[in-house]
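Residue strings, one per chain:
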Amino acid sequence: RFGGGIKQLEPVGPNGEIIMDYSIHDAVEAGFNKVVFVIRKNLEEDFKRIIGSRIEKKVNVAYAYQELGDIPEEYKGRWKDRKKPWGTGQAVLSCKDIVKEPFLVINADDYYGKEAYRAIYGHLSCRNAETVGEPGIMDICMAGFVLKNTLSENGTVTRGVCCVNKESMLTDIEETYDITGKDGYASALRDGREIKISLDSSVSMNMWGFTKSILDEIRDGFPAFLDKGLKSNPMKCEYYLPAVVSRLLEEGKATAAVLKSADKWYGITYKEDKPVVVAALQKMKDEGIYPEHLWEEE
């Protein structure tokens, strides 16, 4: 989702690239051959000028539009003065008429590293049968990052801490707040309680691999979310993608493989994080991990 804050537009690469440039470069390098940008309609002109027109020259590009009013008819008009759309679940649902194949979901403002893209592409490339709607348990995968590789030196972070069984399958995601590393462990808040968790815990950074059947499940679960959210918190409630996955796991409708990545995550959670991201990407270019120009003209 693009345009919610200045950080998505911040140049961080040696030639003014934004984080999304690196994400798409790594995805294409891993084997993905189509990009769907989920944006608000009023951002389309600026978006294409900043990045879209550049990417269109290198890979098949489509656009989906996430709008506040794009909800079931019976729920329209049941809120007042809300400005923001309905979260990552609605963002993915906006692709329902575009995506017909296994697909990867990422955040626009997170740098994930190359390893996770390769792992998810490898997993999804074995699942083409489900694109024709075969029945059975839905096969989901996610990139599991090491918690200590996702922390900021400039403040606390919120992470979905993963409960993973011996077969590397996800059993639950516990939303955990105010995480900071200290004295060899991480302190955090969960359900209002202060807890300690291992710095080696697997966490979700909202990098998911799905088959197209997830779109029906997101659509079917949307009314129940709206019934609850419009009563309890109509201005700020969000239909989160991890909540959809958790529901499917609880109902026995899906399994979710956790594909571990040792790469360091980078993002601009705080303004002080930007120099760290800039230095890291410059170092990766100097080491040959990235070329001098990501999108050199052929």
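Sequence order as written defines residue numbering, which begins from 1 separately in each chain. For this predicted model, a pLDDT threshold of at least 70 governs which residues receive local features, and a threshold of 80 or more governs which side-chain atom pairs are given and counted, while totals over whole chains, interfaces and linings are taken from all residues. Here the side-chain values reflect all heavy atoms present in the structure, with hydrogen atoms and water set aside.

(A) Structural detail: the overall build of the chain. Looking only at helices and strands, one finds 7 helices and 12 strands in the chain. At 19 Å, the chain has a C-alpha radius of gyration in line with the 19 Å of a compact globule built from 298 residues. Based on the C-alpha atoms only, the size of the chain along its principal axes is roughly 55 × 50 × 45 Å. Here, two residues are considered to be in contact whenever any of their heavy atoms come within 4.5 Å of each other. Within the chain, counting contacts between residues at least 6 apart in sequence, those at least 24 apart form 72% of the total. Here the accessible surface of atoms and residues is derived via Shrake-Rupley with a 1.4 Å probe, and residues count as covered only by protein chains that are part of the display. Per element, the accessible surface of the chain, about 14800 Å² overall, is 49% carbon and sulfur. Each helix corresponds to a stretch of at least 4 residues labelled H or I by DSSP, and each strand to a stretch of at least 2 residues labelled E; elements are numbered beginning at the N terminus. A radius of gyration in this sense is built from C-alpha atoms; the matching globule rule multiplies 2.2 Å by the number of residues raised to 0.38.

(B) Quick look at the packing of helix α1 (residues 19–30) against helix α4 (residues 114–124). Note on definitions: angles span 0 to 180 degrees between N-to-C directions of axes, and those axes are lines fitted to C-alpha atoms, for helices only across the stretch in contact. Direction vectors running N to C along α1 and α4 enclose 40 degrees, while the axes themselves pass 9 Å from each other. Judged by the angle between their axes, α1 and α4 are oblique. Pair α1 / α4 crosses with right-handed handedness. When α1 is examined against α4, the residues Ser-23, His-25, Asp-26, Ala-27, Glu-29 and Ala-30 are found in contact with a partner set consisting of Lys-114, Tyr-117, Arg-118 and Tyr-121. Residue classes in the contact of α1 with α4 are distributed as 4 nonpolar, 2 polar and 4 charged. Should an angle fall under 35 degrees it is called roughly parallel, over 145 degrees roughly antiparallel, and 65 to 115 degrees roughly perpendicular, with every other angle called oblique. Left-handed describes a crossing in which the near helix is turned anticlockwise from the far one by less than a right angle; the clockwise case is right-handed. Ten residue types, Ala, Val, Leu, Ile, Met, Phe, Trp, Tyr, Cys and Pro, are classed as nonpolar, four, Asp, Glu, Lys and Arg, as charged, and the remainder, Gly among them, as polar.

(C) How the structure looks around the pattern of salt bridges. The working definition used for a salt bridge is a side-chain nitrogen of Lys or Arg within 4 Å of a carboxyl oxygen of Asp or Glu. Summed over the entire model, instances satisfying the criterion amount to 21 salt bridges. For Arg-247, the salt bridge is made with Glu-251, and the minimal N-O distance between the two is 3.4 Å. Exposure classes here rest on a 1.4 Å probe applied to the protein chains alone. A residue is buried below 20% of its type maximum, exposed above 50%, and partly exposed in between. Exposure remark for Arg-247: the relative accessible area of 23% places this residue in the partly exposed category. Assessed through its relative accessible area of 43%, Glu-251 is described here as partly exposed.

(D) The nonpolar core, seen in detail. Within this scheme, the nonpolar core is defined by two criteria: the residues are buried Ala, Val, Leu, Ile, Met, Phe, Trp, Tyr or Cys, and they are joined through side-chain atoms within 4.5 Å. Membership of the largest hydrophobic core comes to 39 residues, with the highest contact counts inside it found for Trp-86, Ile-140, Leu-170, Trp-208, Phe-210 and Ile-214. Secondary structure elements with two or more residues in this core: α3 (88–93), β3 (103–105), β5 (138–146), β7 (170–182), β10 (202–210), α5 (213–232), α6 (241–250) and β11 (254–261). If you tally residues by element for this core, the top one is α5, at 7 residues. If sequence neighbours within four positions are ignored, Leu-170 has contacts with Met-142, Cys-162, Cys-163, Trp-208, Val-245, Leu-249, Ala-256 and Val-258. Membership of the second largest hydrophobic core comes to 28 residues, among which are Ala-116, Ala-143, Val-157 and Trp-265.

(E) Representation of the pairing of strand β9 (residues 193–197) in the model. In terms of strand pairing, strand β8 (residues 185–190) meets β9 through 5 bridges, oriented antiparallel. Residue Ser-187 lies in a different strand from β9, and its bridge partner there is Lys-196. Two strands form a pair only when DSSP identifies at least two bridges running between them. Between β8 and β9, which pair antiparallel and follow one another directly, the connecting turn spans 2 residues, one of which, Asp-191, has a positive phi of 55 degrees.

(F) Region of interest: the confidence of the model for the chain. Predictor confidence is given residue by residue as pLDDT, running from a minimum of 0 to a maximum of 100. Taken as a whole, the chain shows an average pLDDT of 90; of its residues, 94% reach a score of 70 or greater. Taken element by element, the chain is modelled with least confidence in helix α2 (residues 44–55), mean pLDDT 85, and with most confidence in β3, mean pLDDT 97. The low-confidence segment residues 129–134 (pLDDT under 50) makes 12 contacts with residues lying over four places distant or belonging to another chain.

(G) Just the environment of Ile-140, in detail. Tracing the chain through its elements places Ile-140 in strand β5. The class of Ile-140 is buried, set by a relative accessible area of 0%. It is 16 Å that separates the C-alpha atoms of Ile-140 and Ser-202, two residues lying 62 residues apart in sequence. Contacts of Ile-140, omitting those with residues within four sequence positions, involve His-123, Trp-208, Gly-209, Phe-210, Ile-214, Val-245, Leu-248, Ala-254, Thr-255, Ala-256 and Ala-257.

(H) Highlighting α1. For a helix, the expected span equals 1.5 Å multiplied by the number of residues minus one. Under the 1.5 Å per step criterion, the end-to-end length of α1 is 17 Å for 12 residues, consistent within 8% with the ideal 16 Å. Counting buried residues in α1 gives 10 out of 12 residues, a clear majority hidden from the surface. If you follow the buried residues of α1, they end up packed against β1 (34–39), α2, β4 (110–111), α4, β12 (266–267) and α7 (274–286). Remark: Gly-31 follows α1 within two positions and exhibits a positive phi of approximately 130 degrees.

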